[in-house]
Amino acid sequence: MSKKAVILLSGGLDSATVLAIARRDGFECCALSFDYGQRHRCELEAAGKVAASLGAAKHNIVKIDLRLWGGSALTDDNLKVPDAADSHGIPITYVPARNLIFLSFATACAEAWGARDIFIGVNSVDYSGYPDCRPAFIEAFKECARLGTRAVDENWHYNINAPLQNLSKAEIIRRGIELGVDYSLTTSCYNPDAAGRSCGRCASCMLRHAGFVEAGVPDPTTYSK
Ligand code: ZN
């Protein structure tokens, strides 16, 4: 019998690599994506292609509207996505409690589907300083998921897998290439144009491009200019 896992899949580089890692580890995977009102909605199309190319058994897209309260440049058209710059503190591209929300949905999906493993592509090395990407949060969520589900009465717990936590962007790319990830299917830009082409200027574009350069892999991203 195959073991099941729910994979948070954004359509970006990191979560595509996570799906490939889970598949290599023998999991039957349910990819979970969110149509949450993000500015970079083209990532959902990318997520669908990535899920199919890496053999996810299912791909669920959850519709929620985080534009109701905004609070991030990714969910509020009045806030501009900044060019990558030396910003201090938590960047304006942080979406309030996004991974807390996503992991809650992933836990619900896992409980319903009979999966005990959840995979998320958070990272502590080349990351943007988001609180919901840090190890302390992931560790605490594991206990939260146990206490809030049937796991507590049945005496087991969810594994919250964060296999990229300690890898640099270049290491993530090398790992993904080894596992056959086609990064041309992925998109990372916070501010793509109407055709889905990346801006090449936001923090996410800069980090991604630097990762390909450091990994010695040609950058397959389509840029708007
Ligand atoms: Zn960009």
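Residues numbered from 1 in each chain as written. Predicted model: local features only at pLDDT ≥ 70, side-chain atom pairs only at ≥ 80, totals over all residues. Heavy atoms only, no water.

Things to note about the packing of aromatic side chains
Here is step 1: Inspection of every chain in the model, using the stated rule, returns eight aromatic pairs.
Here is step 2: Ring geometry for Tyr183 against Phe212: centres 5.8 Å apart, planes inclined by 75 degrees, an arrangement best described as edge-to-face. A residue pair is termed long-range when its members are at least 10 positions apart, and Tyr183 in the loop between α6 (169–178) and α7 (203–215) and Phe212 in helix α7 qualify at 29 residues. Phe212 matches Tyr183 in its accessibility class, with the two residues each being buried.
Here is step 3: Chaining the aromatic ring pairs together yields one cluster made of Phe34, Tyr36, Phe102 and Phe105.
Here is step 4: Between Arg116 and the ring centre of Trp156, over which it is positioned, the NZ or CZ distance is 3.9 Å. (Phe/Tyr/Trp six-rings, centres within 6.5 Å; stacked < 30°, edge-to-face > 60°. Helix = DSSP H or I, 4+ residues; strand = E, 2+ residues; numbered from the N terminus. Buried < 20%, exposed > 50% of the residue type's maximum accessible area, 1.4 Å probe, protein only. Lys NZ or Arg CZ within 6 Å of the ring centre and 35° of its normal.)

Digging into the coordination of the zinc ion
Ideal donor angles around a metal are set by the shape: a four-donor tetrahedron calls for 109.5 degrees, a six-donor octahedron for 90 or 180 degrees.
Here is step 1: In the first shell of the zinc ion, the protein supplies Cys189 (SG), Cys199 (SG), Cys202 (SG) and Cys205 (SG), at 2.3 to 2.4 Å from the metal.
Here is step 2: Taken together, the four donor atoms surrounding the zinc ion define angles of 101 to 119 degrees at the centre, an arrangement classified as tetrahedral.
Here is step 3: The sequence pattern describing where the donors of the zinc ion fall on their chain is C-x9-C-x2-C-x2-C. The two residues Cys202 and Cys205 agree in class, both being buried. (Donors = N, O, S within 2.8 Å, 3.2 Å for Na, K, Ca; no water. Tetrahedral: all angles 85-135°; square planar, octahedral: opposite > 155°, others 65-115°.)

Focus on the side chain of Ser188
Here is step 1: Note on placement: Ser188 falls in the loop between α6 and α7.
Here is step 2: For Ser188, a relative accessible area of 15% gives the class buried.
Here is step 3: At 2.8 Å, the side chain of Ser188 forms a polar contact with the side chain of Arg208.
Here is step 4: Discounting residues that sit within four places of it in the chain, Ser188 has contacts with Gly12, Leu13, Ser204 and Arg208. (Polar contact = N/O pair within 3.5 Å; in protein donor to acceptor, adjacent residues only side chain to side chain. Contact = heavy atoms within 4.5 Å.)

Remarks on the pairing of strand β1 (residues 3–8)
Here is step 1: Where β1 and strand β2 (residues 27–35) come together, six bridges link them in parallel fashion. Paired with Leu8 across the two strands is Leu32, which belongs to β2.
Here is step 2: Of the crossover connections in this fold, the one passing from β1 over helix α1 (residues 13–24) to the parallel β2 is right-handed.
Here is step 3: Of the pairings in the sheet, the one linking β1 to strand β4 (residues 117–119) comprises three bridges and is parallel in character. Counterpart to Ala5 in the pairing with β4 is Asp117. (Pairing = 2+ DSSP bridges. Right-handed = clockwise from strand over helix to strand, strands pointing away.)

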